[in-house]
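Structural overview for review
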Amino acid sequence: MCVRRWANRYDVTVLVNGLPLVQIELKKRGVAIREAFNQVHRYSKESLNTDNSLFKYLQLFVISNGTDSRYFANTTQRNKNSFDFTMNWAKSDNGLIKDLKDFTATFFQKQTLLNVLLHYSVFDVNDTLLAMRPYQIAATERILWKINSAYQAKNWSTSDSGGYIWHTTGSGKTLTSFKAARLATELDFIDKVFFVVDRKDLDFQTMKEYQRFSPDSVNGSESTSELKRNLDKEDNKIVVTTIQKLNNLMKGEGDLPIYSKQVVFIFDEAHRSQFGEAQKNLKKKFKKFYQFGFTGTPIFPKNALGAETTGNVFGRELHSYVITDAIRDEKVLKFKVDYNDVRPQFKSIEAEQDEKKLTAAENKHALLHPNRIDEISQYILNNFKQKTHRQQAGGKGFNAMFAVSSVDAAKVYYESFKNLQKESNNPLNIATIFSFAANEEQNAVGDIADEGFEISAMDSSAKEFLSEAIANYNATFKTNYGVDSSGFQNYYRDLAKRVKNQEIDLLIVVGMFLTGFDAPTLNTLFVDKNLRYHGLIQAFSRTNRIYDTTKTFGNIVTFRDLEQATVDAITLFGDKNTKNVVLEKSYKEYMEGFTDVATGDARRGYLELVEELAQRFPDPDAIVKEKDIIPQQIQTRNQSNLIPN
């Protein structure tokens, strides 16, 4: 016999076909909206999910205090049922709709609510319900609208039949692309949807992510021949592949039935190798395609090396959600950048801005000079605990990544850390990964070299060093990976997992892991590498995933003068005021003052302000305080009231 222990009265329930699918909790104006959230969570624990309760069918919660209104999915797991997962509704231009009256008029419009419930919510394999955010919904709808309108006009296979989605790194692009792909397959006239990634590691990651949303929802392919076989399968319409495998298929197969069918291409990271040979072959081979690109950092004329921009290749921008939007909505963190200059003898070359001179300086007598390497390594070791919050008792803190300029740099840094930690009782667990990067022509300023899994193309010195590093890794974790192709891929995957689990303290990388890798436990990026424009934003963005209240920003420490490059990159993907939104001021700036690069205004520091106060008020005891003034005012007022008219 079940005995009810709580008598809860809910505010407003929305029924759809007789089932309670949306629950609304309302608070008076002036009451913190978090109070409504806490009450919903209490209801979830006490009564909503009891046996035989119809309220177990609830899919969405809405909370409001009149001036702030939010929605979130009914996820009963506490680790997901966090206030961070609540969302404001928004217009297609990302303008927030907070007032309850406006929220009700838009979110609760019948067709809108039904779309959110039926099309824009996803159960993952763990039965965790995910509700899409407004910008994800807007982007998905724009893609579907473009496919439909191009089909109706028979205007396929042109830039007018596609477009690109500019959603900042960390904003949930995978879920958006998955939903767009799934809903595109439901269009009667679409035969296949290709989700195209740049590298085999992202191929694997994307497959895992898609399978998390829906098991067996997509076909992957280990080889070009398997990709060809998957094109004939009818079990589902989505194929995940790398751009390299797709290009090999197009070059090797002169005529395939798929070339004449209605297909959708969705490109992950639309700022990379889609500008090359594969894009030309795609336009030659496929007769009826619709092409869309997702990117957090588009190629504009300013950072393009040739004539091709993201807009030229894919068509016009269909939707944007930029880094300032994401920071405002608390979906990603700001960056705090320290421009480190602890090495006076190397300062001139570290401050060099000329690309040719910097390239020439990548040698052992300049940027790879042993003294410089050891000084930077020692600095990282000395400051690691502070930067990663490891000094707090009982707290795990975070881990870090170190982006270096070359395989040679990775080698000398790895050896330097090993030598400096020989006598340490608690050394940092340091790993490294790199592979051969084809010396292809860059398509844009700031491209990070695309490292594949072609270990055989490495020179003997690099391969020998990598073998030693993997052997050290194997000894630490009792694994058995190697430098052969399959062994290296398995090493990559195991390393990615251990970085996310904080089993690796510091990961030294050249290009791998600087794009497309998400580890919320990572909070610090050390940089001894030339970064520009989208490459800089991509690398910095490894650190700014929201994790917990201890992680308040992504921590960047550069050992080269990247200040202007940082401002240029942030301004390109925002505007002249974006710097003030995206970057935290450094401790030194707050103490000594700074000039706002965007506005040119000089801001005084704490030290100068304290000095001015000391000069103006040398005797603190002589300062007349408010508590001394108020009694005098009262006494004066009382005396004036005694004076007769």
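**Here we look at the overall build of the chain**
When helices and strands are tallied, the chain shows 23 helices and 24 strands. Restricting the contact set of the chain to residue pairs at least 6 apart, pairs at least 24 apart contribute 70%. Of the roughly 31100 Å² of accessible surface on the chain, 49% is carried by carbon and sulfur atoms.

**Things to note about the pattern of salt bridges**
Taken as a whole, this structure holds 20 salt bridges when the rule is applied. A salt bridge links Arg498 to Asp494; its shortest N-O distance comes to 2.7 Å. Placement of both Arg498 and Asp494 in helix H17 (residues 485-500) is noted, with a separation of four residues, approximately one turn of the helix. Under the relative-accessibility criterion, Arg498 is labelled buried at 12%. Overall, Asp494 belongs to the buried group, its relative accessible area being 8%. Measuring nitrogen to oxygen at the nearest pair gives 3.4 Å for the salt bridge that ties Arg616 to Glu612. Note that Arg616 and Glu612 are positioned in helix H22 (residues 606-616) at a spacing of four residues, about one turn of the helix. The class for Glu612 is partly exposed, based on a relative accessible area of 25%. Salt bridges sharing common partners tie together Asp494, Lys497, Arg498 and Glu503.

**Notes on the nonpolar core**
Formed by 103 residues in total, the largest nonpolar core has its most connected members in Phe402 and Phe513. With seven residues, the top contributor of residues to this core is helix H16 (residues 460-477). Setting aside its immediate chain neighbours within four residues, Phe402 contacts Ile376, Ile380, Tyr413, Phe417, Leu506, Leu507, Ile508, Val509, Phe526, Val527, Asp528 and Phe559. With 49 residues, the next largest nonpolar core counts Val62, Phe189, Tyr290 and Phe292 among its residues.

**Focus: unusual backbone geometry**
Phi at Glu330 is positive, roughly 60°, even though this residue is not glycine. By the secondary structure assignment, Glu330 is in the loop between helix H11 (323-328) and strand S16 (334-339). What makes Glu330 exposed here is its relative accessible area of 55%.

**Quick word on empty space enclosed by the protein**
Summed over the entire model, instances satisfying the criterion amount to three cavities of 30 Å³ or more. Looking at the largest cavity, its volume works out to about 80 Å³. Val337, Tyr339, Glu563, Lys579, Leu583, Glu584, Lys585 and Glu589 together form the lining of the largest cavity. When contributions to the lining of the largest cavity are tallied by element, the ones reaching two or more residues are S16 and strand S22 (583-584). Taken together, the residues of the lining of the largest cavity sort by class into three nonpolar, no polar and five charged. Its volume calculated, the second largest cavity comes out at about 60 Å³.

**Some remarks on the sheet that holds strand S4 (residues 69-73)**
The four strands are arranged S1-S2-S3-S4 in an open sheet whose pairing can be described as mixed. The sheet is open, and its two edges are formed by strand S1 (12-16) and S4, each paired on a single side. This sheet shows a mean twist of 20° between the axes of neighbouring strands, independent of strand direction. Across five bridges, the pairing between strand S3 (residues 60-64) and S4 is antiparallel. Looking across to S4, one finds that Val62 is bridged to Tyr71. Where helix H1 (residues 33-48) meets the sheet, its contacts fall on strand S2 (19-26), S3 and S4, and the angle it forms with S3 comes to roughly 145°.

**A word on the packing of helix H4 (residues 134-152) against helix H5 (residues 173-185)**
Axis separation between H4 and H5 bottoms out at 9 Å; the angle between their running directions is 35°. As H4 runs across H5, the sense of the crossing is right-handed. Residues Gln136, Ala139, Thr140, Ile143, Leu144 and Ile147 of H4 lie in contact with H5, whose contacting residues are Leu175, Thr176, Lys179, Ala180, Leu183 and Ala184. Class assignment for the residues of the contact of H4 with H5 results in eight nonpolar, three polar and one charged.

**A word on the packing of helix H8 (residues 243-252) against helix H9 (residues 277-285)**
Two elements in contact, H8 and H9, have axes separated by 9 Å at closest approach and are oriented at 45°. By the angle between their directions, the pair H8 and H9 is classed as oblique. By crossing handedness, the relation of H8 to H9 is classed as left-handed. Residue-level inspection shows Ile243, Leu246, Asn247, Met250 and Lys251 of H8 in contact with H9, the latter providing Glu277, Ala278, Asn281, Leu282 and Lys285. Partitioned by chemical class, the residues of the contact of H8 with H9 number five nonpolar, two polar and three charged.

About the criteria used
- Residues numbered from 1 in each chain as written.
- Predicted model: local features only at pLDDT ≥ 70, side-chain atom pairs only at ≥ 80, totals over all residues.
- Heavy atoms only, no water.
- Helix = DSSP H or I, 4+ residues; strand = E, 2+ residues; numbered from the N terminus.
- Contact = heavy atoms within 4.5 Å.
- Areas by Shrake-Rupley, 256 points an atom, 1.4 Å probe, with all protein chains shown as cover.
- Salt bridge = Lys/Arg side-chain N within 4 Å of Asp/Glu carboxyl O.
- Buried < 20%, exposed > 50% of the residue type's maximum accessible area, 1.4 Å probe, protein only.
- Core = buried A, V, L, I, M, F, W, Y, C linked by side-chain atoms within 4.5 Å.
- 1 Å grid on protein atoms, 1.4 Å probe; cavity = no way out; pocket = protein on both sides within 12 Å on 5 of 7 lines; lining within 4 Å.
- Points joined across faces, edges and corners; volume = space filled by probe spheres on them.
- Nonpolar A, V, L, I, M, F, W, Y, C, P; charged D, E, K, R; others polar.
- Pairing = 2+ DSSP bridges.
- Axes fitted to C-alpha atoms, helices over the stretch in contact; angles between N-to-C directions.
- Left-handed = near helix turned anticlockwise from the far one by under 90°.
- Parallel < 35°, antiparallel > 145°, perpendicular 65-115°, else oblique.

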